[in-house]
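Chain and residue survey
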Amino acid sequence: MSRYASRRLVQALPLLLGISVASFLIINAVPGGPLSAYENAPGVTPLDLQRLEHQLGLDQPLYLRYVTWLTHVVTGDWGYSYATQQPVLAMIGERLPNTLYLMGTVYVVTLLLAIPLGVLTAVRQYTWFDHLFTGLSFAGLSMPTFWLGLLLIIVLGLTLRLFPLGGMATPGADFDPFDRLWHLVLPVATLSLVGIAHYSRYLRASMLETLNQDYIRTARAKGLTYRSAVFRHALRNAALPLVTIAALDLPELFVGALVTEQIFGWPGMGRLFWDSATRSDYPVLMGILAVSSTLIVLANLAADLAYGYMDPRIHYS
Amino acid sequence: MPRMRALFIAMAALVGLGACGGGAGGPASQTPVKGGTLTVAVWQEPNTLYPYYATQTVSTLVSETALEGLVQVTPEGNYQPVLAKEVPTTANGGLKLSSDGKRMDVTYHLRPGLKWADGQNVSSDDIRFTWQAIMKDPKVTSRGGYDQMTSIDTPDPLTAVVHYGSIYAAYASRFSSSAGQPVLPRHVLEKEADISKSDFVRMPFGTGPFRITEFKSADHITAERNPNYREAGKPYLDRIIFRSVPSREVALAQLKAGEVGAMWNLLEAQLPELGKQSDIKVHAVPGPSVERLEFNLAKPGNPADAAVPHPVLGDGNVRHALVLATPKKQLIDKLLFGKATVAQSTISIGWAAPRDVRQEDYDPTRAKRLLDQAGWAPGADGIRVKNGVRASLKITTTTGDKIREEIEQVLIDEWRQIGVALEVSNVPSSVLFGSWSANAPRKKGNFDVNMYASSPDIDPHETVAQRFACDNIPRPENSGAGFNYYRYCDAQTDQLIQQAGSIVDQDKRKQLYATIMKRVNDAHISVWLYNRSNIDAYRFNVGGYKDNGWDNFTWNTQDWFVTKK
Amino acid sequence: MATWTRASTTPEAGLAELGLPGYAGHWRLARDRFLAHRLAVASVAVLLLLVILVLVGPILSPYDPEHTNLNLRYESPSPAHIMGTDSLGRDLLTRIMFGGRVSLTIGVLAMAVAITLGVLMGGLAGFYGGVTDAVLMRFVDMMLSFPRLFLLILFSVFFGGRFLTVVLLLGALSWMGVSRLIRASFLSLRERQFVEAARALGVPGWLIMLRHLLPNAMAPIIVAATLGIATAIIAESTLSFLGLGIQPPTPSWGNMLKDAQTDMVIAPWTAVFPGLAIFVTVVAINFIGDGLRDALDPQHVIRSARR
């Protein structure tokens, strides 16, 4: 298993390299460039723009700029943002905890609610309970997250004034866990709805398939209680595919949900990406892409390993 | 009875005076109260607080409380001295031209007894250091004007003589707080090898009424009172806290709830919300920013060749008709809630604003007639055609800007009625304002009509030269330098621009700029849409602020105060 | 009484289960199973209604979706304007109907692109195996390792918000799942005897894939296609919401919601109705997809009792 893991890791390196090259090319192909912020500053002359272009290294050929970036990255220097002159790692480091905080909560809430829902709807198939939650799941799957976010803001934030309109905490107030929680409710509700719907449906289908297997029938015939059959046998086997999906969704914890962060004004990675993309802040963009693509590759590996670990029928060589 | 009458007249006079005093852009009769904290909501976080790196308005908004220049611009658009004793002019001997008329010297006299916030004395060495810092640091945003200075002499600690190597017409606007070009403390910054890595860029201090003591990212920035501020008894406030809020909506909600005392930069669309609120004062101040439609006179290409005229816009009659078909007033009234003024040229306010230069008002009937006479006949679908060329144009502006998108819709409708088809082709602002080497369509000339806002400096020299002179058309030969995106070239205009930039007599220059703008308007290369106002809001218990279209609303924070709620 | 039943895998037994006489053929069987899924059937009706509304409504509406009327801004719903007007005085219902044309067309076309690409890639990989498979699957992995929304945004900025580019972009970023499905399907199918026979007869590879393998893999393709439309509609609306998809004045459900973001304080209906349109459409499509999955996948459990 560990040999398999190390082999996959080694294979991942050229993949990541390829992704970074492709990203670099795409970013630089976008017309505009990072000097647009300077263009709009009053008093800037064309001479200034030429100087700044040189200063940012933008007048060098593309391959040279990529190689420079790469050599710096492997030595730990991720460069400085064109817009804020702050180190890229510092900027990412500033935003990452906020995203982890939000997405982590979403992840936990999603799993806590999806697993029981999936099991219950499978077990009580075709009852009103199943129909109700199936209906709700479909509703959840079909709702564009940004629309749900907007609706929640309109209804719960503006009209009923039950929840704040955005942000992580009340600006200017001291740290207060209840205030933080209060600010978490709407964004978490928006993001977890889709996840709960998705995961519970998946688990339900998986459970149904498992519950129909012969070995369950055998166990029941031998006298095992229903509850035992469900939890000790069916669930553990049905959860397998769910684990792989959950593992594949892990990168979301770090990458954040762009649209939701925009709507709720959450200072996270998603917004950092959007801000950087719109102002062509290449170093930050490359930094974020490097982080997220590495995470995705690692998550794929983790999913495969988890599957291999949990399912004794699978052997990796 | 005479005594009653006298009393009545006296009271009427008082009321009249009170009304006059209160209307001029500040709260009426409120006496300043010493002490207190004011919280200002800003919905955008500044990237930096070092003004020479700043590209955002919000950066200088905050740093202006701490850093000051030698001069500043008043609400009326004139210069007034800040750290200098007086604004250098020919009359007071501050400005001296060389005998051959090719060079000039500007002398600044500092006020005596000025101190930095840490107690050190301010001297002319700081002025020279500031110039050197600008010229040495490759990261500064703009060196315009400073690159014309050959040296700065400091004959004594209170005098600095700036030697220019040419006649730089806009000399008076250098070292100005309003331009974000303050004097820097030499004793603090000269030991930094790279200013961008120092603490000063996040927590600067200077001679201003406050000093920035705290910068907590995505949270707040604190400006504490400067005990060494030159005006005794000021600033009234103990501190100002700039609170970072996630959006304008949240900022407004906090302002309404009384959690913040002032809010920066509202949108016109937020005004209806505030209309009924009596405890909030909204100030819409016309600024120098002019939103315009920019026509490409050359055939679009990557890059465009200025010698090849645009198939549709190359015809002056078409451009003229489009000017006539734009309902500027209606756009302002309906979409901007009346909080803007119709623009007539690129210089809307300030000493150089031409009073008599105008653009024609909305007259679609005349527009149609013009096009008919010019040979553009309506086709089967109502869109005009001439010599096989269809009057079809693309308009480009920044994505994500609601008001601009709405204006585009109105224009599509209006121009369709005179027979010109318009199609939207928006791009993100980084693309619209991008650079030549990054293939930005505006630079390359690959567009029909652009819509965006631009603000000239208080001195229009740079703007006018860059935008209207033939040499400043971005071409492969000059590596895309220059801002003449219109690809407009007129020999006489060039001459006038050259003249205006080579003399220092303000009145003469003003006349020249008026002539230039008239020629530009007659060529109909641009539709000057409106002069946008800066809209800020304050709670009723905040006082001392004064509107200034040329500067941020923090330009006079030494006068601000808060009374009890 | 507890009975554990499983849907049968042979048509005859299945028919017996359902109480139908004679040999019906597996498409007829599928149809019957679909009809047993009540929500799916209801959804077909809803979707049909929607499509008619979107096709015919714009012709019947007295309003022009792009004509601005600055005097009628932000009118709340009234008999004259059933869904109210937006920030430029345009009738919302008319815009939703026109927007529906755009959004639905993009949804279908984007799905078509994705399916085509997916079948092509997955089919070639699954049928030929070996090096082709390795290379193609590495490529799929690479595409999957890119954060999708990031690519979407970067490409949209580059290529602009044209109709065609949105379709191609959405299609080009969602074919990976289908390709894996088809690859798995072809991998197992190519071992079958009828394929061996065809090969022995000298039928060229592409013909085998087209005439023999593809029809047998139709079931997962149909389901993926249906659900793909739903995904594409949501993706387009997200793109337009960010300002990168369909550009105004052309209405699309997504860009109408973008405008609503700032308007919703004073005119909440501008946010509610376009989103509702997306929601209803996507729910209906999802139910239909679910019904199709029940109908077409013989291994799928459709009936089991409790306890």
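Residues numbered from 1 in each chain as written. Chains lettered and ligands numbered in written order. Predicted model: local features only at pLDDT ≥ 70, side-chain atom pairs only at ≥ 80, totals over all residues.

1. Points about helix α5 (residues 248–257) of chain B
Residues and elements named next belong to chain B. Of all the ten residues making up α5, eight are buried; the element is thus mostly covered by neighbouring parts of the structure. Inspection of α5 places Arg-248, Glu-249, Val-250, Ala-251, Leu-252, Ala-253, Gln-254 and Leu-255 among the buried residues, and these make up the whole buried set. In this structure, the buried side of α5 is in contact with β1 (37–42), β11 (262–263), α6 (271–274), β12 (280–295) and β20 (526–539). Positive phi appears at Gly-258, one or two residues downstream of α5, with a value of about 85 degrees. (Buried ≥ 20, exposed ≤ 12 C-beta atoms within 10 Å, placed from the backbone. Helix = DSSP H or I, 4+ residues; strand = E, 2+ residues; numbered from the N terminus. Contact = placed C-beta atoms within 7 Å.)

2. Looking at the interface of chain B and chain A
If you look at the interface, chain B gives 45 residues, while chain A gives 38 residues. Secondary-structure elements contributing two or more residues to the side of chain B that touches chain A are β10 (239–244), α5 and α11 (429–432) of chain B. Its residues assigned to classes, the side of chain B that touches chain A comprises 17 nonpolar, 21 polar and seven charged. (Nonpolar A, V, L, I, M, F, W, Y, C, P; charged D, E, K, R; others polar.)

3. Focus: the environment of Thr231(C)
Residue and element names in this part refer to chain C. As for its placement among the helices and strands, Thr-231 is situated in helix α11 (residues 218–241). In this structure Thr-231 comes out as buried when scored by C-beta crowding, with 21 C-beta atoms within 10 Å. For the pair Thr-231 and Gly-107, spaced 124 residues apart in sequence, the C-alpha to C-alpha distance is 7.8 Å.

4. Re helix α5 (residues 88–123) of chain A
Relative to the 52 Å expected for 36 residues at 1.5 Å per residue, α5(A) spans 50 Å between its end C-alpha atoms, a close match to the ideal helical length. Of all the bends in α5(A), the greatest reaches close to 25 degrees and is centred on Arg95(A); the proline Pro97(A) follows between one and four positions later. (Expected span 1.5 Å × (residues − 1). Bend = angle between axes of the 7 residues up to and from the residue.)

5. Details of the pairing of strand β18 (residues 421–424) of chain B
Residue and element names in this part refer to chain B. Pairing between strand β17 (residues 392–396) and β18: four bridges, direction parallel. From the neighbouring strand, Ile-395 faces β18, where its bridge partner is Val-424. With helix α10 (residues 402–417) bridging β17 and its parallel neighbour β18, the resulting β-α-β unit is right-handed. (Pairing = 2+ DSSP bridges. Right-handed = clockwise from strand over helix to strand, strands pointing away.)

6. Considerations on the pairing of β20(B)
All names here are of chain B. Burial analysis of β20 places 14 of its 14 residues in the buried class, which makes it a mostly covered element. In this sheet, β20 lies alongside β11 in antiparallel orientation, the contact comprising two bridges. Across the sheet, Met-263 pairs through a bridge with Ala-537, a residue of β20.

7. Quick word on the sheet that holds strand β16 (residues 389–390) of chain B
Residues and elements named next belong to chain B. The strand order across the open sheet built from three strands is β14-β15-β16, with neighbouring strands paired in antiparallel fashion. Since the sheet does not close on itself, it has two edges, and those belong to β14 (377–378) and β16, each with one partner. Where strand β15 (residues 384–386) and β16 come together, two bridges link them in antiparallel fashion. Across the sheet, the residue bridging to Val-385 is Arg-390, located in β16.

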